[in-house]
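Given next are the chains, with one letter for each unit.
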Amino acid sequence: MSLLSLLLAAVGGGVISLLLSLFGGGGSVLATPLLIYVVGIRDPHVAIGTAAAAVAVNASMGLATQARAGRVKWPCALVFGGSGLAGSLVGAQFAKHLDGQRLLLWFALAMALVGLSMLFPRQHEGDPAVQLTPRLVARLAPLGLMVGLAAGFFGIGGGFLIVPGLMAATGMTLANAAASSLVSVVVFGAATSASYAASGLVDWGVFLALIAGGVFGAVAGAPLARALVGHARAARLAFALMVLATAAYVAARAGGLV
């Protein structure tokens, strides 16, 4: 990687971190296209492995903040993330054996699902005092396994699947689900990137640049999020449309149409 590529990766890391601060789940899905089409990583597998490593680190910083605020439902989060760990490793292993361009087509589909999920309004109702029970374990474990499989295959954090999964399985609030989902994002991202790293498919220089830029993005995200409070719906719509447009571009490039 040239110095220019590393600088672009740092700027991209700042943008991704900023989007994650503003919109939560869904922001990290732009990391792989950014690494391929802006930074210049030619191998889609390396881009996915590097992005997954950066997502895991960024999510861990967010998790620390949410944990201090007491929003993480640890028992539920650990069951969901623990059951999904095996799924993420299986998904990553399978993805590594797919042709790079075909993998990008699948990735474009995942991006489209992320964008579409952001177009629907979020519900805020739920039980803030939810407790883990054997019945909830029976719901959380299979859901975690399936979401982990998808996260490992696509090399994304999977927050857009984890949050509704936690809410549907436990009845917890959106705030608790968003905070608790970061446990799984860290676990899935770390497992996926470890699998790719074992195959030599992580660019550590670009990874460090992404993390360095992400620190500045996180700092800038807090005041910008406050400024957008009155325009949250319009901003979320614009971001969803940007994700959908990027998905279409990735699909077109991977399919040889552009």
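Attention in this report is confined to the structure presented alongside it. (Residues numbered from 1 in each chain as written. Predicted model: local features only at pLDDT ≥ 70, side-chain atom pairs only at ≥ 80, totals over all residues. Heavy atoms only, no water.)

Quick word on the environment of alanine 212
Then, in step 1: Tracing the sequence through the fold places alanine 212 in helix H9 (residues 204-227).
Then, in step 2: Classification of alanine 212 as partly exposed rests on a relative accessible area of 39%.
Then, in step 3: Each C-alpha atom, one on alanine 212 and one on alanine 52, is 15 Å from the other, the two residues being 160 residues apart in sequence. (Helix = DSSP H or I, 4+ residues; strand = E, 2+ residues; numbered from the N terminus. Buried < 20%, exposed > 50% of the residue type's maximum accessible area, 1.4 Å probe, protein only.)

Considerations on a nonpolar patch on the surface
Then, in step 1: A cluster of nonpolar residues, Trp106, Leu109, Leu113, Leu116, Leu119, Phe120, Leu237 and Leu241, forms a patch on the protein surface that exposes about 770 Å² of accessible area.
Then, in step 2: Of all the secondary-structure elements, those providing two or more residues to the nonpolar patch are helix H5 (100-117) and helix H10 (232-254).
Then, in step 3: Broken down by element, the residue count for the nonpolar patch peaks at four residues, all from H5.
Then, in step 4: Looking at the secondary structure, you find leucine 116 in helix H5. (Patch = residues over 30% accessible without salt bridge, like charges linked within 9 Å, V, L, I, M, F, W, Y side chains within 5 Å. Areas by Shrake-Rupley, 256 points an atom, 1.4 Å probe, with all protein chains shown as cover. Salt bridge = Lys/Arg side-chain N within 4 Å of Asp/Glu carboxyl O.)

Re the nonpolar core
Then, in step 1: Ranked by size, the top nonpolar core spans 46 residues in total, and within it Val29, Leu30, Leu35, Met111 and Tyr196 carry the most contacts.
Then, in step 2: Of all the secondary-structure elements, those providing two or more residues to this core are helix H1 (3-23), helix H2 (31-39), helix H3 (44-68), helix H4 (74-96), H5, helix H6 (134-154), H9 and H10.
Then, in step 3: Ranked by residue count, the leading element in this core is H5, at seven residues.
Then, in step 4: Apart from the residues lying within four places of it in its own chain, the contact partners of methionine 111 are Val29, Leu30, Pro33, Val243, Thr246, Ala247 and Val250.
Then, in step 5: Residues Leu140, Met172, Leu174 and Leu182 belong to the second largest nonpolar core, which totals 26 residues. (Core = buried A, V, L, I, M, F, W, Y, C linked by side-chain atoms within 4.5 Å. Contact = heavy atoms within 4.5 Å.)

Here we look at the packing of aromatic side chains
Then, in step 1: The tally for this structure, following the rule as stated, stands at five aromatic pairs.
Then, in step 2: Measuring from centroid to centroid gives 5.3 Å for tyrosine 37 and tyrosine 249, while their planes differ by 80°, and the two rings are edge-to-face. You can see tyrosine 37 sitting in helix H2 and its partner tyrosine 249 sitting in helix H10, a full 212 residues away along the chain.
Then, in step 3: The partly exposed category is assigned to tyrosine 249, whose relative accessible area is 36%.
Then, in step 4: Between tryptophan 106 and phenylalanine 153, the ring centres sit 6.2 Å apart and the planes meet at 85°, which makes this aromatic pair edge-to-face. Placement of the pair is tryptophan 106 in helix H5 and phenylalanine 153 in helix H6, with a sequence separation of 47 residues.
Then, in step 5: An aromatic cluster is built from Phe94, Trp106, Phe153 and Phe154, whose rings are joined through pairwise contacts. (Phe/Tyr/Trp six-rings, centres within 6.5 Å; stacked < 30°, edge-to-face > 60°.)

Some remarks on H2
Then, in step 1: For H2, the buried fraction is high: seven of the nine residues fall into the buried class.
Then, in step 2: What H2 keeps buried is the set Ala31, Thr32, Pro33, Leu34, Leu35, Ile36 and Val39.

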